[in-house]
Amino acid sequence: MNTISIEDKLAVNKFDIDKDVHIRIDEDICQTCNHHACIYVCPANCYKLSDGRITFSYEGCLECGSCNVACDKGAIDWTLPRPGFGICYQYG
Ligand code: SF4
Ligand code: SF4
């Protein structure tokens, strides 16, 4: 049986990136965070910790909502992309 890696599965998706950012973080709140749960739950590695600071890029978002559930500090302003934008699964 062939096994397909997560990277290969993600590679068959395509994105129509919305220029309107659909997820924003409040970096001032993130500076007070001691667990950075968003980094660990995001399957697309949209959140990164660099020099003690959280950075976020929305372009690769898989729209799963995990970060919004995991953040207990209200730092994430989360919506879906506009209709017609965002990820298209299995269209690659
Ligand atoms: S879990 Fe929330 S507050 Fe903590 S770093 Fe992530 S987005 Fe910021
Ligand atoms: S919705 Fe999912 S894929 Fe998108 S940034 Fe949050 S955890 Fe990552």
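Here the structure is a predicted model, which means the values were calculated and not measured.

Enquirer: Explain the site of ligand 1 to me, please; I cannot follow it from the model alone.
Expert: As a structural note, the neighbourhood of ligand 1 is formed by C30, C33, H35, H36, A37, C38, I54, C71, K73, A75 and I76. Broken down by class, the residue content of the shell around ligand 1 amounts to 8 nonpolar, 2 polar and 1 charged.

Enquirer: Even after reading the chapter, I still don't get the pattern of salt bridges, so can you show me in this structure?
Expert: One side chain can pair with another of opposite charge once the charged atoms of both are near each other. Applying the stated criterion to the full structure yields 5 salt bridges. For D20, the salt bridge identified is with K19, shortest N-O distance 3.7 Å. When the shortest N-O distance is used, the salt bridge between D20 and R82 registers 3.6 Å. Separated by 62 residues along the polypeptide, D20 in the loop between β1 (14-16) and β2 (23-25) and R82 in the loop between β5 (76-78) and β6 (86-88) bring together distant segments of the chain. Beyond isolated ion pairs, a larger network of salt bridges with shared partners links D18, K19, D20 and R82.

Enquirer: Just to check I follow, could you spell out the packing of aromatic side chains for this structure?
Expert: Aromatic ring pairs are reported here in terms of the distance separating the ring centres and the angle at which the planes meet. Taken as a whole and judged by the stated rule, the model has 1 aromatic pair. A ring pair is formed by Y47 and F56, whose centres lie 4.6 Å apart and whose planes are at 40°; its orientation type is tilted.

Reading the values: rules and limits
- Residues numbered from 1 in each chain as written.
- Chains lettered and ligands numbered in written order.
- Predicted model: local features only at pLDDT ≥ 70, side-chain atom pairs only at ≥ 80, totals over all residues.
- Heavy atoms only, no water.
- Near = heavy atom within 4 Å.
- Nonpolar A, V, L, I, M, F, W, Y, C, P; charged D, E, K, R; others polar.
- Salt bridge = Lys/Arg side-chain N within 4 Å of Asp/Glu carboxyl O.
- Helix = DSSP H or I, 4+ residues; strand = E, 2+ residues; numbered from the N terminus.
- Phe/Tyr/Trp six-rings, centres within 6.5 Å; stacked < 30°, edge-to-face > 60°.

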